[in-house]
Amino acid sequence: MTATTAALRSVEPVVKLRHPGRWITYAVAAVLAAMLVNTLLTNNNFGWDVVGHYIVSGQILSGLVKTVELTVIAMAIGVALGGLLAVMRLSSNPAVSSFASAYIWFFRGTPVFVQLLFWGYASALYPRLGLGVPFGPTLLSAETNSLITPFIAAILGLGLNEGAYMAEIVRGGILSVDRGQTEAAQALGMSHLRTLRRIVVPQAMRVIIPPTGNQVISMLKTTSLVSVLAFPELLYSAQLVYSQNFKTIPLLLTASLWYLLMTSVLTIGQHYLERHFSRSDRGPSRRNIAAQNVIQQPAEAR
Amino acid sequence: MTIASGDTSKSTTNGASQPLASVPMIKAVNVHKSFGHIEVLRGIDLEVQRGEVMTLLGPSGSGKSTFLRLINHLEPLSAGRLYVDGSLVGYSERNGRLHELRPSAIERQRADLGMVFQRFNLFGHMTALENVMEAPVGVRKEKRTAVQKRALELLDRVGLGDKASSYPSALSGGQQQRVAIARALAMQPKLMLFDEPTSALDPELVGEVLDVMKDLARSGMTMVVVTHEIGFAREVADHAVFIDDGVVVESGEPAQVLTNPQHPRTKAFLSKVL
């Protein structure tokens, strides 16, 4: 009898397990949230009026633009270099793969902050940089300080360091693709490069994208280290302002709010990117159905 | 009008140094293969004639799949000579010494041979149609429109005309394997290699793949099939070869080898499989 009634109704009412502990955590969280709001509003040292004034000021916004520029250029270098180093590291040529390993070892093994300082003080190591024949005559040369400006030093420091991390991410992605995919491509007569480009890398993307998104977010924040090179990105712009008006906390808050806003935007972007690269998990693609209909219709008409 | 009959004429005109019908499609002479210290193949001699279907049987680890992978040079051989359509696979021979071919030459050799894998190995990020079209467009540089027409015909032929826009993850194992066969046929190969094509399939899906293979055999395609499907071997194959411990133990007509084996090792194997 009970079995038949259960079968007739698709959902049977069940007495849910009670979670009294949850109410305690809700209460604790509510108290903490109230305390936070209270201190934010009542502690005048936060200086929200100052934050409101500077958050859209020209100096801060120009720093923001420079931070975005640094992030984009350094990540572009990092991704390109990382892809190249990953393929080099997987190469069967021992000289090529050893070079990649040594590069990764060095750039991951030293702090990016120290690397930035090195690029900043490059002129202390080589006062002049030249282009010429190895051990032969120099054809072109210039002052290091005129070539490696704070901006170039920042780009080199961040980009070359990022390349080492991206290399490991890309390599992990490539290795995550089943060996059978490569064999099937080889059996069809595809070259090594074509196999990599058409078969392996597109499938490695879904493994590469999530950590790369994290790297972009991390890079956005790491650009603040560049303030040590006196390059006016977001943090250094804020520092320049508070060195004059001594409103330190409000200006640090201003910079933090911008960092937080930008990382939030990036997180949302990453979500959509990941969804795009996992599309083969979901049913037939619309684009292909449309393409197929176009071909099949004339055939049926005949 | 079948694709395979078109290939037979192509391979005779397109063949290498000796485009004679008498040249066997595959000729193995004393083929050895070692992985480190382990000798997997210890002197294989066999021939596959044009249009012939050969099944390779044997216990797992006997070296039959390894032999198949030597035929399209997915593995290099360790010693001996292996010819496909009269040409050495993966090497050229000068003054009795083997010289490795350039990658591009090996790729050209592979493009003429179709291979079907145990685990299907369809490209997961491409639809069935894109899988079938990838090599003719990318490797042979054929016109996309012509390839698309042929690819849809091939998918129809393996009974999957309505699945052209499906991704592999949306297909059953049997459907994936049939797409894999269509993908190999799209290159209009002179020879098809099957590496245990039904071993990874649920029992009820084996039949649909074997049916496609039978149809292909009937159309005159030269096929080498590593399989445990004794029924298929008996029904379709012209030639059955039993390999154990890296050597050919017994070979001949399937009826002979499979129903009245002479060698005790063949008998022992068949008693376990049947």
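These numbers come from a predicted model, not from an experiment. (Residues numbered from 1 in each chain as written. Chains lettered and ligands numbered in written order. Predicted model: local features only at pLDDT ≥ 70, side-chain atom pairs only at ≥ 80, totals over all residues. Heavy atoms only, no water.)

With that settled, the discussion passes to the overall build of chain B. A count of helices and strands for chain B gives 10 helices and 12 strands. The C-alpha radius of gyration computed for chain B amounts to 18 Å, which stays within 12% of the reference 19 Å derived for 274 residues, consistent with globular compactness. C-alpha atoms of chain B, sized along the principal axes, occupy 50 × 50 × 35 Å. Sorting the 274 residues of chain B into buried and exposed places 58% on the buried side. When contacts within chain B are restricted to residue pairs at least 6 apart in sequence, long-range pairs at least 24 apart make up 65% of them. When the accessible area of chain B is evaluated, it comes to approximately 11,300 Å², of which 49% is carbon and sulfur surface. Distance between charge centroids for chain B: 5 Å, based on 31 positive and 31 negative side chains. (Helix = DSSP H or I, 4+ residues; strand = E, 2+ residues; numbered from the N terminus. Rg over C-alpha atoms; globule rule 2.2 N^0.38 Å. Buried < 20%, exposed > 50% of the residue type's maximum accessible area, 1.4 Å probe, protein only. Contact = heavy atoms within 4.5 Å. Areas by Shrake-Rupley, 256 points an atom, 1.4 Å probe, with all protein chains shown as cover. Lys, Arg positive; Asp, Glu negative; His and termini not counted. Charge placed at Lys NZ, Arg CZ, Asp CG, Glu CD.)

This paragraph deals with the nonpolar core. In terms of nonpolar packing, the biggest core is built from 42 residues, with Ile181(B), Met192(B), Phe194(B), Met213(B) and Met223(B) touching the most fellow members. When residues of this core are traced back to their parent elements, those giving at least two are helix H4 (128–138), helix H5 (144–157), helix H6 (173–185), strand E9 (191–195), helix H7 (203–218), strand E10 (223–226) and helix H8 (230–236) of chain B. The dominant element in this core, judged by the number of residues it contributes, is H7(B), at 8 residues. Once residues lying within four places of it in the same chain are set aside, the contact partners of Met192(B) are Gly114(B), Val116(B), Ile181(B), Ala184(B), Leu185(B), Leu216(B), Met221(B), Thr222(B), Met223(B) and Val224(B). Counting residues in hydrophobic clusters, the runner-up holds 41 residues, among them Ile199(A), Ile26(B), Phe67(B) and Val226(B). (Core = buried A, V, L, I, M, F, W, Y, C linked by side-chain atoms within 4.5 Å.)

All names here are of chain A. If you check helix H13 (residues 248–277), its first and last C-alpha atoms are 43 Å apart, about what 30 residues at 1.5 Å a residue would give, namely 44 Å. Buried within H13 we find Pro250, Leu251, Leu253, Thr254, Ala255, Trp258, Tyr259, Met262, Thr263 and Gln270. Of the surrounding secondary structure, the elements contacted by the buried residues of H13 are helix H3 (48–54), helix H4 (58–89), helix H11 (192–222) and helix H12 (234–245). (Expected span 1.5 Å × (residues − 1).)

Residues and elements named next belong to chain B. Strand order in this open sheet of 4 strands is E2-E1-E4-E5, and the pairing throughout is antiparallel. Since the sheet does not close on itself, it has two edges, and those belong to strand E2 (38–48) and strand E5 (87–88), each with one partner. Relative to E5, strand E4 (residues 79–84) runs antiparallel, the two being bridged by 2 bridges. Bridging across to E5, Tyr83 finds its partner in Leu88. (Pairing = 2+ DSSP bridges.)

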